[in-house]
Amino acid sequence: QLQLVQSGGGLVQSGGSLRLSCTASGGTLANYAIGWFRQAPGKEREGVSCIANSDDGSYYRDSVKGRFTFSADNAKNTMYLEMNNLKPEDTAVYYCAAGRRAGGLPIYYCSGYVPLHTWGQGAQVTVSS
């Protein structure tokens, strides 16, 4: 079945950049709703950015708008999260996820209203001040 493998976490200073990658196997990523999530110590997991399909655009939570970009390369069956101007409050474990499309807007997937069923192993992102 579908599997997701992540890479690209690490340590950066405030204002720096990182790019996370998530490669799918056992399925074609372009056929799924996809998203990036994060969980900081002592906090619940939150949706960072999600894409439902090619027609409905993408969702970004307010705290990352203008700084993060979610993209996918269908030829490589890989999704990416480009993170720029990182802040200490971005420190978290970041997860990619994918699930069957059920219609609706991308915010529905990031909010958990429409659950995603396959998850990457997570990547630690630490931003120092």
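Higher on the page you've got the structure.
Residues numbered from 1 in each chain as written. Predicted model: local features only at pLDDT ≥ 70, side-chain atom pairs only at ≥ 80, totals over all residues. Heavy atoms only, no water.

S.K.: For the state of the cysteines, give the residues involved together with the corresponding values.
M.R.: By the definition in use, this model includes two disulfides. One disulfide bridge connects Cys-22 with Cys-96, the sulfur atoms lying 2.0 Å from each other. Across the disulfide from Cys-22 to Cys-96, rotation about the S-S bond amounts to roughly 65°, and the bridge is consequently right-handed. Within this pair, whereas Cys-22 is found in strand E3 (residues 18-25), its partner Cys-96 is found in strand E9 (residues 92-99), the two being separated by 74 residues in sequence. Each member of the pair, Cys-22 together with Cys-96, is buried. The disulfide partner of Cys-50 is Cys-110, and the gap between their sulfur atoms is 2.2 Å. For the disulfide bridge between Cys-50 and Cys-110, the dihedral angle about the S-S bond is near 95°, and by the sign convention the bridge is right-handed. (Disulfide = S-S within 2.5 Å. Helix = DSSP H or I, 4+ residues; strand = E, 2+ residues; numbered from the N terminus. Buried < 20%, exposed > 50% of the residue type's maximum accessible area, 1.4 Å probe, protein only.)

S.K.: Residues and numbers for the packing of aromatic side chains, please.
M.R.: The description of an aromatic ring pair rests on the distance of the ring centres and on the angle between the ring planes. For the structure on display, the rule yields three aromatic pairs. Measuring from centroid to centroid gives 6.5 Å for Trp-36 and Phe-70, while their planes differ by 75°, and the two rings are edge-to-face. Linking Trp-36 in strand E4 (residues 33-39) with Phe-70 in strand E7 (residues 68-73), this pair joins segments that are 34 residues apart in sequence. Taking relative accessible area as the criterion, Trp-36 reaches 0% and is therefore assigned buried. With a relative accessible area of 7%, Phe-70 lands in the buried category. A cation over a ring is seen here: Arg-19 above Tyr-80, with NZ or CZ 4.0 Å from the ring centre. The aromatic ring of Trp-119 is capped on one face by Arg-45, whose charged end is 3.9 Å from the ring centroid. (Phe/Tyr/Trp six-rings, centres within 6.5 Å; stacked < 30°, edge-to-face > 60°. Lys NZ or Arg CZ within 6 Å of the ring centre and 35° of its normal.)

S.K.: Give me the sheet that holds strand E1 (residues 3-7): which residues, what numbers.
M.R.: Taking strand neighbours across the sheet as the criterion, the four strands line up as E1-E3-E8-E7 in an open arrangement whose pairing is antiparallel. The open sheet is flanked by E1 and E7, the only strands paired with a single partner. Looking at each pair of strands side by side, their axes are set apart by 20° on average, direction ignored. Alignment of E1 against E3, held across five bridges, turns out to be antiparallel. Counterpart to Gln-6 in the pairing with E3 is Cys-22. (Pairing = 2+ DSSP bridges. Axes fitted to C-alpha atoms, helices over the stretch in contact; angles between N-to-C directions.)

S.K.: Could you give an account of the layout of surface pockets, with specific residues and numbers?
M.R.: Quantified by volume, the largest pocket comes out at close to 220 Å³. What lines the largest pocket is a set of 13 residues, among which Ile-34, Ile-51, Asn-53, Ser-54 and Arg-101 lie closest to the centre. Of the pockets and cavities examined, the second largest pocket occupies roughly 190 Å³. Along the wall of the second largest pocket there are 14 residues; nearest its centre are Phe-37, Gly-47, Cys-110, Ser-111 and Gly-112. Counting residues per element, the ones that place at least two in the lining of the second largest pocket are strand E5 (46-51) and helix H1 (106-110). Looking at which element gives the most residues to the lining of the second largest pocket, the answer is H1, with three residues. Split by residue class, the lining of the second largest pocket holds eight nonpolar, three polar and three charged. (1 Å grid on protein atoms, 1.4 Å probe; cavity = no way out; pocket = protein on both sides within 12 Å on 5 of 7 lines; lining within 4 Å. Points joined across faces, edges and corners; volume = space filled by probe spheres on them. Nonpolar A, V, L, I, M, F, W, Y, C, P; charged D, E, K, R; others polar.)

None of this, on its own, says anything about what the molecule does.
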